[in-house]
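Residue-level structural notes
These are the residues of each chain, in order.
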Amino acid sequence: MQPFESDNPTPMPIGSADAVALLTALLRFDTTSSRSNLQCLHWIAEYARPYGPAVRFTYNEDASKANLLLSFGPMTEGGIVLSAHSDTVPVNGQPWTMPPFEATARDGRIHGRGACDMKGFIAACLAAMPAWHAAELQRPIHLALSYDEELGCLGVPRLVDDFAAHMPAPAVVWVGEPTDMRIATSHKGVCVFQTRFFGRDAHSSMPSLGHSAIADAVRFAGRLLDLGLEIAERTTAVPGLLPPHTTLNIGRIDGGTALNMVARCCSLDWEFRAIPEEDVQALKRRIEQFLAAHPAAAEAPDAPAPPDAGSVHHDARMFVPPLDPGTNRPALAALRRVLGDKAEIAVPFGTEAGYFQQRGWPAVVCGPGSIEQAHQPDEWVEVAQLEECTRALQSLPAFLARND
């Protein structure tokens with residue numbers, strides 16, 4: 001059980017345009033990825049309704065979660081997408097000293113789960129809506145809120161596909177992940193896999209009668225570690241990415257039943273985080289070549305009978321594209337017009353920006369709060385950064401009215 005529970009009460013009367021008040025409302029929704037985000041999104045849509053947006057929901061397979069797209073102004077090309085995720089990570093097991101699903105104001109900060117990652121940016125967007133409504137927008141502003149980003153950007157591909165099918169192409173995409181209001185133009189991609197090996201049980205005194213899945217997994221792990229050393233020698237030309245090369249990590253190994261048994265099963269959960277220059281498909285082909293040499297590698301993973309000794313099932317669990325600074329100069333220039341001439345940075349974490357960039361839409365990352373506070377107990381965002389972000393968002397109509 002969570003140390004604090006929330007029944008998602010109605011958070012506040014709709015109508016306030018103050019970013020702190022709006023963040024207070026948003027924090028009262030427990031949108032942990034294991035729960036539905038629908039009540040929060042419906043509240044946001046109702047808050048936005050007086051400001052006249054077009055509203056689109058796209059749902060997951062069982063309609064328990066959704067993406068929300070709110071579009072303001074004329075439906076023409078050349079607008080801006082403001083992208084954020086609505087879900088948060090859990091609070092279970094963390095030593096919170098204050099209720100995570102209530103806003104706590106202290107020393108110029110607002111504490112609560114999601115305060116910086118990334119309901120602070122959403123609150124700033126909501127606070128800017130009256131300014132967008134009062135202006136005669138020349139080009140559209142789209143607020144795109146996704147589900148299950150914390151589980152691997154699961155909702156973003158559906159959101160991007162729906163946007164491409166029904167909306168005019170934007171000029172830039174602004175992803176509001178926490179960067180202390182600095183402008184990030186690059187990050188690595190993330191590829192996550194699970195590789196499961198299957199053997200045959202036997203008594204450990206007669207190992208030749210069995211087939212050790214752990215031995216197969218260890219041999220494969222050795223190939224992965226050798227590959228990790230190889231790719232570490234190729235450094236990126238992108239300033240600020242740390243470490244400056246693609247990394248490979250085996251995060252979890254689970255196998256065997258008892259010391260005196262030959263292991264029937266063993267699984268590896270592993271990932272690589274790729275620099276923008278990395279040929280991800282070539283890396284995947286290398287992995288497939290490793291596994292192709294393994295006995296019974298092609299056996300169907302959904303076979304009804306237990307797999308025979310020597311079989312392996314390899315599943316790609318997640319892919320988040322990297323953000324390449326070489327193609328997002330327009331987005332950098334756009335944000336500098338509303339935020340000031342800030343130096344560009346790279347960030348160590350993945351975001352949905354790469355999905356938008358793959359569509360040919362320049363994207364950058366900038367938002368209130370620090371990634372050092374994200375996912376931490378007593379998570380917080382500075383009120384000053386909330387206000388800075390709100391002012392920048394309120395200035396978007398003037399930026400969109402420009403012809404250059």
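Structural data are supplied above this passage.
The numbering scheme is per chain: residues are counted from 1 as the chain's sequence reads. Thresholds applied to this predicted model are a pLDDT of at least 70 for local features of residues and 80 or more for the giving and counting of side-chain atom pairs; totals over whole chains, interfaces and linings are not thresholded and use all residues. Water and hydrogen atoms play no part in the side-chain values, which are based on all heavy atoms of the structure.

1. Topic: the packing of aromatic side chains
Selection criterion: Centres within 6.5 Å make a pair out of two Phe, Tyr or Trp rings, where for Trp the six-membered ring is used; the pair is then stacked when the planes are under 30 degrees apart, edge-to-face when over 60, and tilted otherwise. Only runs of H or I of at least four residues qualify as helices and only runs of E of at least two qualify as strands under DSSP, and these elements are numbered from the N terminus. A 1.4 Å probe rolled over the protein chains alone gives each residue an accessible area, and that area as a share of the maximum for its type sets the label: buried under 20%, exposed over 50%, partly exposed in between. Comment: the charge-over-ring label is applied if NZ (Lys) or CZ (Arg) is within 6 Å of the ring centre and within 35 degrees of the ring normal.
Throughout the structure, instances matching the rule amount to 13 aromatic pairs. Plain terms: the ring middles of F29 and W43 are 6.2 Å apart, the flat faces sit at 50° to each other, and that makes the pair tilted. Note that F29 is positioned in the loop between helix 1 (19-27) and helix 2 (38-48) and W43 in helix 2, a separation of 14 residues in sequence. A single burial state applies to F29 and to W43, both of which are buried. An angle of 35° between the planes, with centres 5.7 Å apart, marks the rings of F193 and F272 as tilted. With a gap of 79 residues between them, F193 in strand 9 (residues 189-198) and F272 in strand 13 (residues 265-274) connect regions that are remote in the sequence. Across the pair, exposure class does not vary: F193 and F272 are buried alike. Cation over ring: K284 sits above F319, and NZ or CZ is 5.1 Å from the ring centre.

2. Structural notes on the nonpolar core
Using the following cut-off: The term nonpolar core refers to a set of buried residues drawn from Ala, Val, Leu, Ile, Met, Phe, Trp, Tyr and Cys, joined through side-chain atoms within 4.5 Å. The contact definition used throughout considers only heavy atoms, calling two residues in contact when any of these lie within 4.5 Å.
If you look at the biggest cluster of nonpolar residues, it comprises 63 residues, and the most contacted ones within it are I44, L82, W132, W174 and L393. The element contributing the most residues to this core is helix 3 (residues 115-134), with 13 residues. Dropping the residues within four chain positions of it, W132 is found in contact with F72, L82, C125, L137, I141, L393, Q394, L396 and P397.

3. Structural notes on unusual backbone geometry
With an omega dihedral of -10°, the bond running from D117 to M118 counts as a cis peptide bond. For M118, the location among the structural elements is in helix 3. At A63, a position not held by glycine, the phi torsion is positive, near 60°. By the secondary structure assignment, A63 is in the loop between strand 1 (54-59) and strand 2 (66-72). Of note, D180 is a non-glycine position whose phi angle comes to about 60°, a positive value.

4. Overview of empty space enclosed by the protein
Selection criterion: A 1.4 Å probe that fits but cannot get out identifies a cavity on a 1 Å grid over protein atoms alone, an open set with protein on both sides within 12 Å along at least five of seven lines counts as a pocket, and a residue lines either if it has an atom within 4 Å of a point. Grid points are joined across faces, edges and corners, and a volume is the space filled by probe spheres set on the points. Gly is placed with the polar residues, together with every amino acid not listed as nonpolar (Ala, Val, Leu, Ile, Met, Phe, Trp, Tyr, Cys and Pro) or charged (Asp, Glu, Lys and Arg).
Tallied over the full model, the rule gives one cavity of 30 Å³ or more. By volume, the largest cavity amounts to about 50 Å³. Taken together, R56, F57, T58, N67, L69, L159, D162 and F163 make up the full set of residues lining the largest cavity. Breaking the lining of the largest cavity down by element, the ones donating at least two residues are strand 1, strand 2 and helix 4 (156-166). Here the residues of the lining of the largest cavity are counted per class, giving four nonpolar, two polar and two charged.

5. Some words on the pattern of salt bridges
Under the convention used in this document: One speaks of a salt bridge when a side-chain nitrogen belonging to Lys or Arg is within 4 Å of a carboxyl oxygen belonging to Asp or Glu.
Taken as a whole and judged by the stated rule, the model has 20 salt bridges. The partner of R56 in a salt bridge is D162, with the nearest N and O atoms 2.9 Å apart. Separated by 106 residues along the polypeptide, R56 in strand 1 and D162 in helix 4 bring together distant segments of the chain. When its relative accessible area of 26% is taken as the criterion, R56 is described as partly exposed. With a shortest N-O distance of 3.5 Å, D341 and R336 are connected by a salt bridge.

6. Remarks on the sheet that holds strand 17 (residues 380-382)
As a reminder, the rule being used: DSSP-based pairing: two strands are paired if at least 2 bridges between them are found. Helix axes are fitted to C-alpha atoms over the stretch in contact, other axes to C-alpha atoms as well, and angles between N-to-C directions run from 0 to 180 degrees.
Here we have three strands laid out as an open sheet, ordered 4-5-17, and antiparallel in their pairing. Only two strands of the sheet have a single neighbouring strand rather than two, namely strand 4 (104-106) and strand 17. Sheet twist, expressed as the mean angle between neighbouring strand axes with direction ignored, is 25°. As paired strands, strand 5 (residues 109-111) and strand 17 are joined by three bridges and run antiparallel to one another. Along strand 17, the bridge assignment pairs I110 with V381. In this fold helix 9 (residues 383-394) packs onto strand 5 and strand 17, with an angle of close to 60° to the strand it touches most, strand 17.

7. Side note on the pairing of strand 13
The buried fraction of strand 13 is high, at seven of ten residues. Across ten bridges, strand 9 lies against strand 13 in antiparallel orientation. Across the sheet, the residue bridging to T195 is L268, located in strand 13. For strand 11 (residues 247-255) and strand 13, the ladder comprises eight bridges, and the chain directions are antiparallel. If you follow D254 over to strand 13, its bridge partner there is S267.

8. A closer look at the layout of surface pockets
Estimates place the volume of the largest pocket at around 350 Å³. Around the largest pocket sit 21 residues that line it, and E149, E150, F349, G350 and H375 are the ones nearest its centre.

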